[in-house]
Structures are given as structure tokens and as C-alpha cells.
There are 2 protein chains.
Amino acid sequence: MTNMDKLFDAVAARGPVCVGLDTDFSYLPEGFADPALTAGENIVRYNQALVDATKAAAGCYKVQIAYYESLGMDGMLAYKKTLEMVKNAGIPVISDVKRGDIAKTAEMYAKAHFEGDFESDFITLAPYMGMDSIQPYVPYMEKNGKGVFVLVRTSNPGAKDFEYEKLADGRHVYDMVGDKLSELGKSLMGERGYSSIGMVIGGTHSEEASEIRARYEDSFFLIPGYGAQGGKAEDIALYMKNGNGGVVNSSRGILMAWKKQPGVKFDEAAYNECVNMKEAIQNACNQL
Amino acid sequence: MTNMDKLFDAVAARGPVCVGLDTDFSYLPEGFADPALTAGENIVRYNQALVDATKAAAGCYKVQIAYYESLGMDGMLAYKKTLEMVKNAGIPVISDVKRGDIAKTAEMYAKAHFEGDFESDFITLAPYMGMDSIQPYVPYMEKNGKGVFVLVRTSNPGAKDFEYEKLADGRHVYDMVGDKLSELGKSLMGERGYSSIGMVIGGTHSEEASEIRARYEDSFFLIPGYGAQGGKAEDIALYMKNGNGGVVNSSRGILMAWKKQPGVKFDEAAYNECVNMKEAIQNACNQL
């Protein structure tokens, strides 16, 4: 069974919410941080409380490495420990690293994130340099069931700068990228109907959503943009397939749910937000 | 003075060779590694010997983070120490991290690589997500003189997959990216005629080299592809401007020069290779 199969089963069991552990020190509620500990150690404590509280309603977790890199060595240790805690909880984890390089360098990134201290189940990748920036990860998919999510059509305003541009053949840049990835995925199919090559497809734009879902029917989607960025459950649902086939990320919306639920403890607030989000998306999927 | 100005002056003083410290443990000559030390610690010792030997002939150094990430925490410490040793030598250093993300995440990457444990003079960036994946680094350019090199037209075979594709308006994808970056650079000009937004332009393709150089006359180029990847000094010279305006990277060609110079010690071999490369490029520039 591939990790993508396990992710499918996780979504079937606990829903499509992907809890983003993009934890900045400033997100910790007042009084939470222990001044005797480093910023990284406090972040690990916060993440542990969040994972314990949300794991019954989370399909998976996504750890955004940038937040940890920004704290230097202390942060990298917090990153390692955060990945370990999600693995210990038995829940799939996506490392949001968006690496993109070629040849031996890409092999090194594969080793970095699919083995050793920073081992993860999935990583995100950036496609700009071409398919030789994706290929070096394939051996880990074939041998260890690892998976990737490659940027295709993202949720940020700047996606219009390059991704949405039209090619001479009439396709968007993002179609060109998606088509090549989909082709590669055909030889990496799991048991649940999805390949080990997932795609990042932003949930903030709903135009062409049904076409994209139909065009890449073997591809599992990582869908950012819910909530704070403007993606609504009805839009997100268009990228799902029978209530599965995608995970929907929310980071700050969950990490700082306590700010919008006065009097509720931060971990309980995070759980409530997960449940609300999960139900909103599942209802929207059922109404399609 | 911006870091790009300092890089210009470094090239004027010591030539355009960018020594790539993409150091894999397997590159260390037999007998070099001290078995009492970790892989990362041995790599730091090797890098130190290389920097000491080559600094008189190196315009700058480039550290490829993937090689260090692949060793986990031990590697990240070696990465930190390698950046420090180049800074202690008073030579510009480029962190080849090819990060690409947006908004607060990009701010975190900027903090990670322009401050703290992993502080560098320059970083490389990937443009796929759009200009909002470049913008968050601008405050560090304005306030601290930091610089970036953004992927535009790379040296790998897969560059043909997406970068070389033609848009509806007749430009290549890489032209579209280069044009936007060049525009942003206009407001970030240094004293030597170059902006703080550099471009990665591979030296393996010589077609359209003169057009690219002329089109982006304010942009400093980081030119990979020399030697092992097939880029010749005559081709590379087309991307330089009066013998400056670019740095030319070589990693394995320098790190493992000892393999091609029997009987010569590894550090001396690396120095010889730097000098040969520098002279070949400078001669080719003079002959234009």
C-alpha cells in the first residue's frame, strides 16, 4: 500500500481536513510559553497539544518547514520533533518544503525528506525546472510508497503572473505542468485509484474546477486556500471526488482558532474548528 | 553598497569563479575523514581546507543546502558552519536553496536565510508561484543590501519541459519570468549598474545568449553548467558583460579536481582547477 492509499483511507476515516502546523511563536496564547525553554521547544509543546486535541478530526497534518528554518538550529530540531509526533500519532504527514532542483541535488533532497531525521510521508515540490526535478523522487515512491504533491495551480494572487498565462497551444502554464505530472503518475498507481504524484490545486479559484478534477482523475489534490485566503466549502468541494481525493489545508484558522472562541481553551478551539471545517466540506460534497 | 555591488567588486578583484560547496561525504579523498567525527563535521573540515586553498581565485562561494539537509541535524550544523567560514574569509556567499513560497511563509524563508544561524549574502529562489513569491525578500534588499538569484533559464535537460515552452504572445516561459524580474529590479539598483534581483541563467545553451544578456543588462547572472554539464568557456562568456556581470559555478569539477590531478593534494588540485577555469573564462571574454 502506498502512502497515497493510506491518505485516502485516512480521509475516509476522519475527513479531509489537513491541519497545517505552520506554527509561529507569536501564535502561542499568552502564558503558554515556558520562558525556560527555547522558542523551538515551546513550539513543539504547542504542536503536541494541538495534535493530541485534533487527531480525531484530522485527515493528515502538514508541516511548513519555513517556520522552523526561520529559527535556525533550534527550529530544525523542533521540525524533526514535530514530524516524529505526527508519525507517533499514526497519522499521515506532509512536509511542505516546495523543493525544486535536479539530478544529484534532487536526490539529496529526496534523502533529506524521505529518510533520516526529517523523514516524512509526503513532500511538496516545485516544478519550474522540469520533469528532471520530479524524477529523482520516483525511486522512493516505487520502493517505499512515498508520495509528492507538486505545485500546479496555487491559491495566491500571484498565481496569475505565470501559472495562468496562456501557451501558444492554448493551454495554461498550469495545464502543461499538470499534464506532464499526470502522465508520470500513470506508472505510479496505488490501490485506491490515485497515483503517488499528487498536485497542489488552490481552492480560491473555482473556475474550471470541474474540468481540472476530471482531467486529473488519478491525482490526489492538496488544496490550500480554505478560510483565511477566501476558499469556501462549496468551491473546495468541486476539487474533491466522492468526498475523497483531496485534503484541504488550514493552518492559522486552526492554530489560532482560540482567538475566535473566547473562553475556550486553545486546543479545544482547534478541535472545534477542525470539526466545523470537516462538516462544512463534507456537507458541500454531499450537495454536489 | 549592496551585496550585488560587493559581488561585482569580488569578480573584478578575483574573477568570476563561483566555487560550489555541494559537498557529499563520498567526495572526500580516501583517508581524509576522521572516524571520530560525524559526517557533517568531516565535511566542514573538507570545506575549510577548500576555502583556504581556493579563496585567492574564487569570486564567491555557493553552498547547496540539499547536501546538508540530507544529513539531518548533523548536516544543518555543517551548513551553518560552512556559511560562517566563507563569511569569515570575507568572500560573498550564495545559499542555493531555491525556495519558493508566498506571503508569511516567504517572510519566514527570508528570515531563515537572511538572519540568524543560516544567514547568507544571497539566496536562490524559484519563481513558479508568481511575483508574490519574490516580493517578501525585497525589504531585506532595501534595508540590508541582500540579494537573490531567481531561476529563469536553467542548465538542465528538463528546462525544455516548461521553461522553453512558447507562450501565446510569442515569448518563452523563461522570457516572461525574466521580464517581470527585470522590471522589479529597476527599483533595486546598486552602484555598479546591477539590481539586487539576479537571475540563474544556465551556461549549457548558447542560443540567444547575446539577446538574453542585452535584454537584462541590469541583472547579474548566476551561471551554472560549466564543465561537467557541458558549458564551455566560449558559451559562458556570452552571458558575461565586460568580464563581469556574472559568476560561473563549478561544484564537483573543483571539489573533486584531485581525481584528475594524480599526485596533487586535493586542496591544491582545487586551487589549480579554479585558476584554470578563471583563465579560460577571462580569455573567452577577452576574445569576444
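Within each chain, residues carry numbers counting from 1 in the order of the written sequence. Naming scheme: in the order in which they are written, chains are lettered from A and ligands are numbered from 1. Local features in this predicted model are restricted to residues whose pLDDT is 70 or higher, and side-chain atom pairs enter the listing and the counts only when it is 80 or higher, whereas totals over whole chains, interfaces and linings include all residues. Note: side-chain values were computed over all heavy atoms of the structure, leaving out hydrogens and water.

Visitor: How should I be thinking about the packing of helix α2 (residues 39–54) of chain A against helix α11 (residues 266–286) of chain A in this particular structure?
Guide: All names here are of chain A. Running from amino to carboxyl end, α2 crosses α11 at an angle of 45 degrees, the nearest separation of the two axes being 8 Å. By the angle between their axes, α2 is oblique relative to α11. Of the two elements, α2 crosses α11, and the hand of that crossing is right-handed. Residue-level inspection shows Tyr46, Ala49, Leu50, Ala53 and Thr54 of α2 in contact with α11, the latter providing Phe266, Asp267, Ala270, Tyr271 and Cys274. Angles here are taken between N-to-C directions and fall from 0 to 180 degrees, while the axes themselves are lines fitted to C-alpha atoms, restricted in helices to the stretch in contact. Secondary structure elements are defined from DSSP: runs of H or I of at least 4 residues count as helices, runs of E of at least 2 residues count as strands, and each element is numbered from the N terminus. Throughout, the term roughly parallel applies to angles under 35 degrees, roughly antiparallel to angles over 145, roughly perpendicular to angles from 65 to 115, and oblique to all others. What makes a crossing left-handed is the near helix being turned counterclockwise from the far one by less than a right angle; a clockwise turn instead makes it right-handed. The contact criterion used is simple: two residues touch if any of their non-hydrogen atoms lie within 4.5 Å.

Visitor: How should I be thinking about the packing of helix α2 (residues 39–54) of chain B against helix α4 (residues 72–88) of chain B in this particular structure?
Guide: Two measures define how a pair of helices packs: the angle their axes make with one another and the distance between the axes. Residues and elements named next belong to chain B. Direction vectors running N to C along α2 and α4 enclose 20 degrees, while the axes themselves pass 8 Å from each other. In this view, α2 runs roughly parallel relative to α4, as classed from their interaxial angle. Viewed along their axes, α2 and α4 form a crossing whose handedness is right-handed. Each of Ala39, Gly40, Glu41, Val44, Asn47, Gln48 and Val51 in α2 lies in contact with α4, whose residues at this interface are Asp74, Ala78, Lys81, Thr82, Met85 and Val86. Partitioned by chemical class, the residues of the contact of α2 with α4 number six nonpolar, four polar and three charged. For this classification, the nonpolar set comprises Ala, Val, Leu, Ile, Met, Phe, Trp, Tyr, Cys and Pro, the charged set comprises Asp, Glu, Lys and Arg, and every other residue, Gly included, is treated as polar.

Visitor: Which parts of the structure should I look at to understand the environment of Asp22 of chain A?
Guide: All names here are of chain A. Within the secondary structure, Asp22 is located in the loop between β1 (17–20) and α2. For Asp22, a relative accessible area of 8% gives the class buried. Separated by 53 residues in the primary sequence, Asp22 and Gly75 have C-alpha atoms spaced 12 Å apart. The rule is simple: take the accessible area with a 1.4 Å probe, protein chains only, and divide by the maximum for that residue type; under 20% is buried, over 50% is exposed, in between is partly exposed.

Visitor: Mind showing me how you'd approach the environment of Phe220 of chain A here?
Guide: Residue and element names in this part refer to chain A. With respect to the element layout, Phe220 can be found in the loop between α8 (209–215) and β7 (221–223). Along the chain, Phe220 and Tyr239 lie 19 residues apart, while their C-alpha atoms are 9.5 Å from each other. Sequence-distant contacts of Phe220, that is, excluding residues within four places in its chain, are made with Met4, Leu7, Phe8, Val11, Phe149, Tyr194, Gly198, Met199, Asn244, Gly245, Gly246 and Val247.

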